[in-house]
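# Commentary on secondary and tertiary structure
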Amino acid sequence: MNPDLHFKIFTLFPGMFEGPFNESLIKKAIDKGILTIDVINFRDYAFSKHQTVDDTPFGGGQGMLLKPEPLIEALEQNTGMGKNDEEEIILLSPQGKRFTQKDALLLSQKKELSIICGHYEGFDERIRDYVTKEYSIGDYVLTGGEIPAMVMVDCISRLVPGVIKEESSFLEDSFYNGLLEYPHYTKPRNFRGKEVPEILLSGHHENIRKWRLKEALRRTLIRRPDLLENRELSKEEIKLLKEIRNEEF
Ligand code: SAM
């Protein structure tokens, strides 16, 4: 059976991926044949005597850099080099575009995603010529691209149809619709004197929908006002935001 999405991860540390992809939703999706994840050690494509994958920078300076040959050889032998629309060759780097839920949604619609995990001080600049996208998972520097690759695979996978049982459950996740998610409550109704908001017990679906939208807007306005700056607000959202501003400020 052809998987819906095929990941190929290019790394020097394949052992790091054993735990995360052998548990939970990702494992189930692999077992169901929805996802395939190949972890490729690009050291196997280094043909020098000592299988060297790194070298010192020209011009001097700290640390070692990934050499271009083994990685590009590994890409050429295992991918279509990003030559069709259904495939992306992704380089992980703190200098890339910040990875967002929107990117995850677009990438979840592809057939094949190859992800390159950097290491050491960085990589030879010419590697960039062979990639179709470059992503950072945030404004901080990690020792390697392995953890960012796990973050991306996890985030993209849950958007592939069939990976999450209740697909509608991600439609209200934070960021999916440009807002942070509204607050949730479960049993007991009263926890140490703190009551669940009455409206959630009312069974009135329209009032609950409105309450949730208002609380999602309130949360976003207070915690992440930047998310509202580029949002096209509906008439209802404009009205609710006015109420929230009167209540909060
Ligand atoms: N000297 C590099 C720089 O300043 O851009 C950082 C190198 S970092 C120690 C080694 C590798 O870890 C990077 O090549 C990249 O693959 C990965 N990495 C580190 N931080 C990352 C981030 N925030 N997002 C994505 N990948 C990251």
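Looking only at helices and strands, the protein has seven helices and 10 strands in total. Taken over the C-alpha trace, the protein has a radius of gyration of 23 Å; the compact-globule value for 249 residues is 18 Å, which it surpasses by more than 25%. Relative to its full complement of 249 residues, the protein shows a buried share of 42%. Sequence-distant contacts in the protein: of pairs separated by 6 or more residues, those separated by 24 or more amount to 74%. Of the roughly 15,100 Å² that the protein leaves accessible, carbon and sulfur atoms contribute 51%. Side-chain charges of the protein comprise 35 positive and 42 negative groups, with the mean position of each set lying 7 Å from the other.

Considering the arrangement of structural elements, one finds Ser114 in strand S6 (residues 112-116). According to the relative accessible area criterion, Ser114 is buried, its value standing at 0%. Apart from residues no more than four positions distant in its own chain, Ser114 is found in contact with Lys8, Phe10, Thr79, Glu88, Ile89 and Ile90.

This part is about the site of the ligand. Taken together, 20 residues form the shell around the ligand, and within it Leu92, Gln95, Gly118, Glu121 and Tyr140 come nearest. Between a nitrogen atom of the ligand and a main-chain N or O atom of Ser93, the distance comes to 3.4 Å. The contact in question runs from a nitrogen atom of the ligand to an N or O atom on the backbone of Leu142, over 3.0 Å. Secondary-structure elements contributing two or more residues to the shell around the ligand are strand S5 (87-98) and strand S8 (133-136). A per-element tally of the shell around the ligand places S5 first, with four residues. Looking at the shell around the ligand residue by residue, the class counts come to 10 nonpolar, nine polar and one charged.

Attention shifts here to unusual backbone geometry. What you tend to see is this: most non-glycine residues have negative phi, and most peptide bonds are trans. Note the cis peptide between Lys187 and Pro188, where omega equals 5°. Checked against the element boundaries, Pro188 lands in the loop between helix H4 (146-157) and strand S9 (190-191). Positive phi values are uncommon outside glycine, yet Arg192 reaches one of about 50°. Tracing the backbone through its elements, the reader meets Arg192 in the loop between S9 and strand S10 (194-195).

Criteria and thresholds
- Residues numbered from 1 in each chain as written.
- Predicted model: local features only at pLDDT ≥ 70, side-chain atom pairs only at ≥ 80, totals over all residues.
- Heavy atoms only, no water.
- Helix = DSSP H or I, 4+ residues; strand = E, 2+ residues; numbered from the N terminus.
- Rg over C-alpha atoms; globule rule 2.2 N^0.38 Å.
- Buried < 20%, exposed > 50% of the residue type's maximum accessible area, 1.4 Å probe, protein only.
- Contact = heavy atoms within 4.5 Å.
- Areas by Shrake-Rupley, 256 points an atom, 1.4 Å probe, with all protein chains shown as cover.
- Lys, Arg positive; Asp, Glu negative; His and termini not counted.
- Charge placed at Lys NZ, Arg CZ, Asp CG, Glu CD.
- Near = heavy atom within 4 Å.
- Polar contact = N/O pair within 3.5 Å; in protein donor to acceptor, adjacent residues only side chain to side chain.
- Nonpolar A, V, L, I, M, F, W, Y, C, P; charged D, E, K, R; others polar.

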